[in-house]
Structure formats: C-alpha cells, structure tokens
Amino acid sequence: MAQKISNKEQESISRSLLSWLNNWPDKPVGVINFTYVPDDAEGMSLSTPQGTFMVRKYVRGAYQARYTFKIIYRVIPGNSNNKRLTADETLESFADWIINNGTIPQLEDGKKVVKFSRSESDPDSVLFNRYEDGTEDHQIIMTMDYTSE
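What you are looking at is a predicted structure, and each value in this text was computed from that prediction instead of being measured.

**Concerning the packing of aromatic side chains**
The tally for this structure, following the rule as stated, stands at 6 aromatic pairs. On the basis of an interplanar angle of 5 degrees and a centroid distance of 5.2 Å, the ring pair of Trp-20 and Phe-116 is categorised as stacked. In this pair, Trp-20 is assigned in helix α1 (residues 7-21) and Phe-116 in strand β5 (residues 112-118), connecting sequence segments 96 residues apart. Cluster of aromatic residues (ring-pair linked, three or more members): Trp-20, Trp-24, Tyr-67, Phe-69, Phe-94, Trp-97 and Phe-116. Lying across the ring of Phe-128, Lys-70 places its NZ or CZ 4.5 Å from the centre.

See below:
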C-alpha cells in the first residue's frame, strides 16, 4: 500500500500549484480558487480528491510522490450546448498548457516537479455535476509527480 504524504506537505504543494495555475494566460475567470467555486457565478477551482502518495522511496530517504488534482470549471450554460462544449474545450486547453507550457511550479523544501499527466482512468474533461438552478461543474483530473531529496 502506498504511503500517504503528510497534510502539511500536501498543503504546501497545493499552494505552489495554485499560484502557478493562476498564471495561465487564457483562464476565463479572474482567479482560480482552492476548493471553492461561487454558487451563483462561473468560476474555477483546484481540488485534491485523493490526497498525495509516495510512489517510490529511495534508500537515502528521498522519494517520488504523486499529487492527484482536479480542475473544476463551473458554468451557467442555460440552454446553450455551445457553452457546455466550450467549458470542456477550456479544460482540455488548460490541461495541454499544464503539460506543455515549458514552466513548472516552484515547490518548497527542495521538491521538484518531474511531470504532469492526465488521469489514466479519466483523461478527458467531463460534466460531473448539474444543479437544479442550471449551474454545471465540468472537471479534468490530472497528476503531478514530484521528487523530494
């Protein structure tokens, strides 16, 4: 069984990643929040559904960990299929930027990003929640592997 990373480390990783994600030049909202999206407005959020786990541990104490995260994009599409499709296209574009933009977040305590990837089990953006008021949440799930020395 994989060893879970401490909450303190996970929160530090979340802060660094969130700051970096907010540099995306094409974000359709003013700020990407952490685990919060307004009820009555469009917005984006970073969330950590599974926690962070060690995937490899080395003899000298260093390790590689996997931080699983999802980006949620809340939209109010009304009857517009175009808005729904645009929400998914926006998340797909964001995922491409995360993987290919040529920069990485600066992590604390000597940790270094190894790679970003889309979730193997659910690699595409999808609608995952529709509310009675017509608001919809779309998401894309990704992972960030990093090392600690």
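**Focus: the nonpolar core**
A general feature of soluble globular proteins is that nonpolar side chains tend to end up buried together. Membership of the largest hydrophobic core comes to 32 residues, with the highest contact counts inside it found for Phe-69 and Met-144. Elements with a contribution of two residues or more to this core: α1, β2 (43-47), β4 (63-75), α2 (81-100), β5 and β7 (136-148). Counting residues per element, this core draws most heavily on β4, which supplies 7 residues. Not counting the four nearest positions on each side in its chain, Phe-69 is found in contact with Leu-17, Leu-46, Ser-47, Thr-48, Pro-49, Ile-98, Phe-116, Ile-140, Ile-141, Met-142, Thr-143 and Met-144.

What counts, and at which threshold
Residues numbered from 1 in each chain as written. Predicted model: local features only at pLDDT ≥ 70, side-chain atom pairs only at ≥ 80, totals over all residues. Heavy atoms only, no water. Phe/Tyr/Trp six-rings, centres within 6.5 Å; stacked < 30°, edge-to-face > 60°. Helix = DSSP H or I, 4+ residues; strand = E, 2+ residues; numbered from the N terminus. Lys NZ or Arg CZ within 6 Å of the ring centre and 35° of its normal. Core = buried A, V, L, I, M, F, W, Y, C linked by side-chain atoms within 4.5 Å. Buried < 20%, exposed > 50% of the residue type's maximum accessible area, 1.4 Å probe, protein only. Contact = heavy atoms within 4.5 Å.

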